[in-house]
Amino acid sequence: MATFLYRLGQLAFRRRRMVLILWILVLAGAGVGAATLAGPTSNSFSIPGTESQRALDLLSQRTGSNADVASARVVFVAKAGTTLSATREKAAVAASVADLSRLPKVVAVSDPYTTGAVSADEHTAYATVTYQVPATDLTTTDQDRLLAAGHDARSAGLSVAFGGDAVQPQAGQSASEGIGLLVAALVLVITFGSFVAAGLPLLTAVIGVGLGVLGIQIATGFLALSSTTSALALMLGLAVGIDYALFIVSRYRHELLRGRTPEEAAGRAVGTAGSAVVFAGATVVIALAALSVVGIPFLTQMGLAAAGTVLLAVLIALTLLPALLGFAGRRVLGRRGRTARDTEAGQVTPSRAPFGERWARGVLRHRAVALVVTVVALGMVALPALDLRLALPSDASAARGTTQRQAYDALATGFGPGFNGPLVVVADLVGADQPKQAAATIGSNLAKVADVVAVSAVTLTPDGTTAIWSVMPKSSPTSPATESLVHGIRSDAAGWRTDTGASTYVTGTTAVGIDVSQKLSSALLPYLAVVVGLAFVLLMLVFRSILVPLKAAAGFLLSVAVAFGAVVAVFQKGWGADLLGVSSTGPIISFLPILLVGILFGLAMDYEVFLVTRMREEHVHGASAQESVVLGFRHGARVVTAAAIIMVGVFGGFVTANEAVIKSIGFALAVGIFADAFLVRMTIVPAVMSLLGEHAWWLPRWLDRLLPDLDVEGEKLTAMLDGVPDSSEQQAAEPLVPAGR
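Residues numbered from 1 in each chain as written. Predicted model: local features only at pLDDT ≥ 70, side-chain atom pairs only at ≥ 80, totals over all residues. Heavy atoms only, no water.

Asker: Where do I start with the overall build of the protein chain in this structure?
Answerer: If you tally the helices and strands in the protein chain, you get 26 helices and 11 strands. Counting all 741 residues of the protein chain, 54% fall into the buried class. Restricting to contacts in the protein chain with at least 6 residues of sequence separation, those with at least 24 account for 80%. With an accessible surface of roughly 30500 Å², the protein chain has 61% of that area assigned to carbon and sulfur atoms. (Helix = DSSP H or I, 4+ residues; strand = E, 2+ residues; numbered from the N terminus. Buried < 20%, exposed > 50% of the residue type's maximum accessible area, 1.4 Å probe, protein only. Contact = heavy atoms within 4.5 Å. Areas by Shrake-Rupley, 256 points an atom, 1.4 Å probe, with all protein chains shown as cover.)

See the structure below:
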């Protein structure tokens, strides 16, 4: 592996113009493809195998309706002392309904006075607006016109608020990416002391992210991708793209300071640090691609898209980056670095050991105390995760003061908490001997179920094969009582089928949310088994050890628990929410836990691979188990610290995003990366490695013979190069790779 990458790095360095032109052509081709093939994104998703999805499929089959069209609820609230039945108020509502009916792309608007959509106290009413296109096809102009349609009602003194997917904020650019890049640039300049060295990781990361996002846009022309897919790929692509380039540039500078020629330094940097990049990237790709085992298509799409972006980051780091190093040469060292000599070469004796070495020696002196204190501290932060509640995003999670939240609260006040999350009950009457009687019986049984406030009149499809009811729960959509109600109706439906011959299903937004949470919960353990199992094998190949991969997995689980605890504390309990601009708290987005596990696992293994690979390299080259830990930190701690700060900055920047989903993902990843890098990998890892000693590198002989030797630490490469005159010492030596023009 190391030898192949060494040759690849030298080839890219020599053929730098050709490599650069090829990547420019690829980027241009992706741009043309995105401009001509891109299609719309979608906020809808299916959950195959669940009862709510079967009901939706049945409705689509029997009615031919398109559930993906946009809709809005326009809520009218009379001021104190008046009612909506008064002549002036009634006329104002009628005028607004007429204005709504004339909006472009609107196919229907319900009149609250004819549909019974007026509260019992006549203080609240709502009109339902149905569009002919999905919400993603609505422009900001369409939304502005919708909001302006309430002018007549407001002029009459009514409060008007708008809810539904038609008024969801359009996905757009925020300061997230800029904040992440700014933090990354600052850290890179401080770390390298060179604007050239700092600019290379940023440039390659932006190119990789650009290609990834353009590829996703091309895919939207053929697949119905979620609107958050690009955001996730952008978030991950920036983080890993910068980090992978950071490690290779750092090793390139290290080799230059040892007296290597730029060409030789590039080859050795890609051959050593590049090996770690390959396996670190592989763990991320495995974790993301394994999201497909969950069985929810939109999560599979998000995982594969992000995995593709990570793969691009690896390819760019191994090919484009050494080519750019060929153009930069020794300028990556900065002014002071060009005349420096690496202390390992024996020319300079440092007046003070590097911080990483001093930190490692301090941890090793107090390894037991450091291990216990760190684990206890992380455990305390993770405690709020025990109260984790999950739900799908809705207007209830919108920020206070927004029109969506005002509409949600007004409807809950006027019609009851359960009004915002009605259940849709569907009965398949094909198997019933007397369909109409079966529908009447089921409707009567629904009205008798505890915690049901009201059941609408039955609606039959034209062919009489399907009956539909709207059932209003007593409690709010995210209440545990509503979840119990859904399970209760489904349990009773088995008996109703025996009595009537009709199959009854429960669906609707609330039921879909419950089904998603259950499906994700049941898939979490198999997902963890697949991810951890594959990564364990991969890390065993890298480190040729059993205990090191086990330690890595245990540390990851601790980091995930901390991330869960922090998210629950802020986004669910509201602790410190104002400081982070979280204006609304509630249940956590239902797919966040499994998505967080997948992403954080891959990223946590990055630090494990980068840091412990250097320990392994020192140990293979003769250092003792204890000294290899210190030397690994001496060379790797600074760059791992810089990489972690960059990732925390990139992910933390997404806390400024407008979308609550992106905000919570960015926060969870920032906290998880911080805990994993600075507490788990920088404190727990050296303590455990010191306690294990030589046993850390134990591998049964029979297994050692079975596993292929991938030479990740570059031992074979070093032996080969030591037997051949170095190009820095003998320029006429025959190159390992044919020279380019």
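Moving on from the model shown.
Asker: It is not clear to me how unusual backbone geometry should be interpreted in this structure. Could you clarify?
Answerer: With the exception of glycine, most residues fall at negative phi, and the peptide bonds are largely trans. Phi is positive for Lys105, which is not a glycine, with a value near 75°. Relative to the helices and strands, Lys105 is located in the loop between helix H4 (87-101) and strand E2 (106-109). Non-glycine residue Arg544 carries a positive phi angle of around 50°. For Arg544, the location among the structural elements is in the loop between helix H20 (509-543) and helix H21 (547-572).

Asker: I'm lost on the packing of helix H15 (residues 355-365) against helix H23 (residues 625-653) in this one. Help?
Answerer: Look at H15 against H23: their axes get within 7 Å of each other, and the N-to-C directions meet at 145°. You can see that H15 and H23 cross each other, and the crossing is right-handed. Residue-level inspection shows Gly356, Glu357, Trp359, Ala360, Arg361 and Leu364 of H15 in contact with H23, the latter providing Gln626, Glu627, Val629, Val630, Phe633, Arg634 and Ala637. Within the contact of H15 with H23, the residues separate by chemical class into seven nonpolar, two polar and four charged. (Axes fitted to C-alpha atoms, helices over the stretch in contact; angles between N-to-C directions. Left-handed = near helix turned anticlockwise from the far one by under 90°. Nonpolar A, V, L, I, M, F, W, Y, C, P; charged D, E, K, R; others polar.)

Asker: For this particular structure, what's the right way to read the nonpolar core?
Answerer: Most often, soluble globular proteins keep nonpolar side chains buried together rather than apart. Among the nonpolar cores identified, the biggest contains 161 residues, and Tyr244 and Phe651 are the most heavily contacted of them. Contacts of Phe651, omitting those with residues within four sequence positions, involve Met235, Leu236, Ala239, Leu603, Gly666, Phe667, Leu669, Ala670 and Ile673. (Core = buried A, V, L, I, M, F, W, Y, C linked by side-chain atoms within 4.5 Å.)

Asker: Would you mind going over the pairing of strand E3 (residues 124-134) with me for this structure?
Answerer: Look at any regular strand and the pattern is simple: side chains alternate between the two faces of the sheet. Note that strand E1 (residues 69-77) and E3 share eight bridges and pair antiparallel. When the bridges of E3 are listed, Phe76 appears paired with Ala125. (Pairing = 2+ DSSP bridges.)

Asker: So what exactly am I meant to see when it comes to the pattern of salt bridges here?
Answerer: Oppositely charged side chains may form a pair once their charged atoms are brought near each other. All told, the structure shown has 18 salt bridges when counted by the stated rule. The salt bridge partner of Glu255 is Arg260, with a shortest N-O separation of 3.1 Å. (Salt bridge = Lys/Arg side-chain N within 4 Å of Asp/Glu carboxyl O.)

Asker: It is not clear to me how a nonpolar patch on the surface should be interpreted in this structure. Could you clarify?
Answerer: Side chains of Val372, Val376, Met380, Leu383 and Leu386 sit close together on the surface and give an oily, nonpolar patch of about 550 Å² of accessible area. Secondary-structure assignment places Val376 in helix H16 (residues 367-382). (Patch = residues over 30% accessible without salt bridge, like charges linked within 9 Å, V, L, I, M, F, W, Y side chains within 5 Å.)

Asker: Just to check I follow, could you spell out the packing of aromatic side chains for this structure?
Answerer: Any two aromatic rings considered together are summarised by their centre-to-centre distance and by the angle between their planes. Taken as a whole and assessed by the stated rule, the structure comprises six aromatic pairs. Their ring planes at 80° and their centres at 5.6 Å tell us that Tyr126 and Phe415 sit as a pair that is edge-to-face. Taken together, the residues Tyr126 in strand E3 and Phe415 in helix H17 (residues 403-415) connect sequence positions 289 residues apart. Judged by its relative accessible area of 14%, Tyr126 is buried. Relative accessible area serves as the criterion here: at 18%, Phe415 is assigned to the buried category. Both rings, one in Phe415 and one in Phe419, keep their centres 4.7 Å apart while their planes meet at 25°; by these two values the pair is stacked. Under the relative-accessibility criterion, Phe419 is labelled buried at 8%. Joined through ring pairs, the aromatic side chains of Tyr126, Phe415 and Phe419 make up one cluster. Geometry around Phe327 places Arg16 over its ring, the cationic atom sitting 5.9 Å from the centre. For Arg73, the ring lying beneath its charged end belongs to Tyr126, and the centroid distance is 5.1 Å. (Phe/Tyr/Trp six-rings, centres within 6.5 Å; stacked < 30°, edge-to-face > 60°. Lys NZ or Arg CZ within 6 Å of the ring centre and 35° of its normal.)

Asker: Could you clarify how one ought to interpret the environment of Phe162 in this entry?
Answerer: Among the secondary structure elements, Phe162 is positioned in strand E4 (residues 159-163). Expressed as a C-alpha distance, the spacing of Phe162 and Ala127, which sit 35 residues apart in the sequence, is 9.7 Å.

Asker: Sorry if this is basic, but what is going on with the environment of Arg62 here?
Answerer: Here Arg62 lies in helix H3 (residues 51-63). Residues Arg62 and Asp463, spaced 401 residues apart in sequence, show a C-alpha to C-alpha distance of 8.5 Å. Leaving out residues up to four positions away in the same chain, Arg62 has contacts with Asp428, Val430, Thr461, Thr465 and Thr466. Only 3.2 Å separates the side chain of Arg62 from the backbone oxygen of Thr465, close enough to count as a polar contact. (Polar contact = N/O pair within 3.5 Å; in protein donor to acceptor, adjacent residues only side chain to side chain.)

Asker: Please clarify how the sheet that holds E4 should be interpreted in this entry.
Answerer: In a beta sheet, neighbouring strands pair by backbone hydrogen bonds and run either parallel or antiparallel. Strand order across the open sheet formed by four strands is E2-E3-E1-E4, with antiparallel pairing between neighbours. Each edge of the open sheet is held by one strand with a lone partner, namely E2 and E4. Taken pair by pair, the neighbouring strands of this sheet meet at an average axis angle of 20°, ignoring direction. With five bridges joining them, E1 and E4 adopt antiparallel strand pairing. By the bridge assignment for E4, Val74 is matched with Phe162. H17 rests against E1, E3 and E4 of the sheet, and its axis sits at about 105° to E4.

Asker: I would appreciate a short explanation of the environment of Gly215 in the present structure.
Answerer: Tracing the chain through its elements places Gly215 in helix H9 (residues 195-219). In the structure, Gly215 is positioned 93 residues away from Gly308 in sequence and 9.0 Å away in space, judged by C-alpha atoms.

Asker: What's the story with H20 in this structure? I'm lost.
Answerer: Each turn of an α-helix holds 3.6 residues, which means side chains three or four residues apart point in the same direction. For H20, which comprises 35 residues, the first-to-last C-alpha distance of 48 Å matches the rise-based estimate of 51 Å (1.5 Å per residue) to within 8%. Largest kink in H20: about 35°, centred on Leu524, with the proline Pro526 one to four residues after it. Once H20 ends, the next one or two residues include Arg544, with phi positive near 50°. (Expected span 1.5 Å × (residues − 1). Bend = angle between axes of the 7 residues up to and from the residue.)

Asker: Help me out: how do you make sense of the pairing of strand E9 (residues 466-473) in this one?
Answerer: Burial of E9 is extensive: seven of the eight residues sit out of reach of the surface. Both strand E6 (residues 423-428) and E9 contribute to a ladder of six bridges, which runs antiparallel. Residue pairing for E9: Ala427 is matched across the bridge by Ala467. Note: strand E7 (residues 452-455) against E9, three bridges, orientation antiparallel. Bridge pairing in E9 places Val455 opposite Val471. Where strand E8 (residues 459-460) meets E9, two bridges bridge the pair, whose relative direction is antiparallel. Counterpart to Thr459 in the pairing with E9 is Ile468. The turn joining E8 and E9, which pair antiparallel and follow one another in sequence, is formed by five residues; a positive phi near 70° is taken by Gly464.

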